[in-house]
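# Analysis of the macromolecular model
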Amino acid sequence: MEQLPLSQVYRLLEPGPVVLLTTKGKNRANVMTLSWHMMVEFEPPLVACVVSNGDHSFTALKATRQCVIAVPAKHLAAKVVAVGNCSGRDVDKFATIGLTPVPAALVAPPLVAECFANLECKVVDMRLVNKYNLFVLEVLKAWTDSNQPDPKTIHHQGYGTFVVDGETIRLPSKMP
Ligand SMILES: Cc1cc2nc3c(=O)[nH]c(=O)nc-3n(C[C@H](O)[C@H](O)[C@H](O)COP(=O)(O)O)c2cc1C
């Protein structure tokens, strides 16, 4: 994987793709599906995400303050849905669903080899966790996979319905 300039991270998440979030608690690494996230700052890249306190990942994220956000392309859609419909409390999702954990450089949770982008993150603000299960993450390191040059991400419309990225259009705009 090649490094992605951190100044470009916001372009990965602004469209709001469905992503995977990995954590590493006391036991094995875990992964969950996440679509409630948003960019908060360009650089250092800050991302807000809602991780429900019912999720096994919530406990590990709150305790370790580290995670990886991995962005899957369309060919992983079935696995992404499977990950979001079971709990790491009960199963080793990497083994049972067939995703490959790869050691990260700066954090304990793993990257996901099959995803075209991986963002190593630390939790920098938990003031809205009790009220909204909302964590603010800082992206410490970003990786992309040049073997997936034109990834199509998926966008959740609820209950297993997803929109897949379509055509790219260009318009005159001053906004980064
Ligand atoms: C498409 C999709 C999007 C999801 N988005 C979120 C989300 O934004 N936040 C959340 O807390 N759970 C979300 N979930 C549900 C979790 O992924 C699910 O509860 C999962 O089982 C949690 O795993 P865990 O118990 O191993 O942490 C989503 C599930 C799917 C299928």
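The sections below set out a description of the structure shown in this document. These figures come from a predicted structure and were not determined experimentally.

Here we take up the overall build of the chain. A tally of regular secondary structure across the chain gives five helices and twelve strands. Rg of the C-alpha trace for the chain: 15 Å, near the compact-globule value of 16 Å for 176 residues, within the 12% margin. Oriented by its inertia axes, the alpha-carbon framework of the chain measures out at about 50 × 35 × 30 Å. Every one of the 176 residues in the chain was classed for burial, and the buried ones make up 44%. A separation of at least 24 residues holds for 63% of the contacts in the chain among residues at least 6 apart in sequence.

It is worth spelling out the site of the ligand at this point. Near the ligand lie 20 residues; those nearest to it are D55, S57, C86, S87 and G88. A distance of 2.8 Å separates an oxygen atom of the ligand from a polar atom in the backbone of S52. The separation between an oxygen atom of the ligand and a polar side-chain atom of S87 is 2.7 Å. Those elements giving two or more residues to the shell around the ligand turn out to be β3 (29-34) and α2 (56-64). No other element matches β3, which puts four residues into the shell around the ligand. For the shell around the ligand, the class distribution of residues is seven nonpolar, eleven polar and two charged.

Counting buried positions along strand β6 (residues 66-71) gives five out of six residues, so the element sits mostly inside the fold. Strand direction decides the pairing type here: strand β2 (residues 19-24) and β6, joined by three bridges, are antiparallel. Paired with T22 across the two strands is V68, which belongs to β6. Across six bridges, β6 lies against strand β9 (residues 117-125) in antiparallel orientation. Paired with V71 across the strands is A117, a residue of β9.

Attention now goes to the pairing of β3. Within β3, five of the six residues are buried, leaving the element largely enclosed by the surrounding structure. Where β2 lies against β3, six bridges are found, and the strand directions are antiparallel. If you follow K24 over to β3, its bridge partner there is A29. In sequence, β2 turns back onto β3 through a hairpin of four residues.

Relative to the helices and strands, N118 is located in strand β9. N118 has contacts with M1, V68, I69, A70, L111, V112, K141, A142 and W143, leaving out every residue within four places of it along the chain.

Note on terminology: a disulfide is the covalent bond linking the sulfur atoms of two cysteines. One pass over the structure, following the stated rule, counts zero disulfides. Cysteine C67 shares no disulfide, and the gap to the nearest cysteine sulfur, in C121, comes to 4.5 Å. Relative accessible area serves as the criterion here: at 0%, C67 is assigned to the buried category. Its sulfur unpaired, C115 is 13 Å from the next cysteine sulfur, which belongs to C121. According to the relative accessible area criterion, C115 is buried, its value standing at 0%.

Criteria and cut-off values
- Every chain begins its residue count from 1, and numbering advances along the sequence as written.
- Where local features are concerned, this predicted model is filtered to residues with pLDDT of at least 70; where side-chain atom pairs are given and counted, the filter is 80 or more; whole-chain, interface and lining totals use all residues.
- Think of the side-chain values as coming from all heavy atoms in the structure, minus any hydrogens and water.
- Working definition: helices are DSSP H or I runs of at least four residues, strands are E runs of at least two. Numbering for both runs from the N terminus.
- The globule rule used for comparison is 2.2 Å times the number of residues to the exponent 0.38, while the radius of gyration itself is calculated over C-alpha atoms.
- With a 1.4 Å probe rolled over the protein chains alone, any residue whose accessible area is under 20% of its type maximum counts as buried; one over 50% counts as exposed, and the rest are partly exposed.
- The contact rule is simple, with two residues in contact once any of their heavy atoms fall within 4.5 Å.
- Nearness is defined per residue: one heavy atom within 4 Å of the molecule or strand is enough.
- Here a polar contact is recorded for every N or O atom pair within 3.5 Å, except that within protein the pair must consist of a potential hydrogen donor and a potential acceptor, and residues adjacent in sequence are included only if both atoms are side-chain atoms.
- Note on residue categories: nonpolar means Ala, Val, Leu, Ile, Met, Phe, Trp, Tyr, Cys or Pro, charged means Asp, Glu, Lys or Arg, and polar means any other residue, Gly included.
- Criterion used throughout: strands pair if DSSP finds at least two bridges between them.
- The rule for a disulfide is simple: a pair of cysteine sulfur atoms within 2.5 Å.

Just geometry here; none of it tells us what the structure is for.
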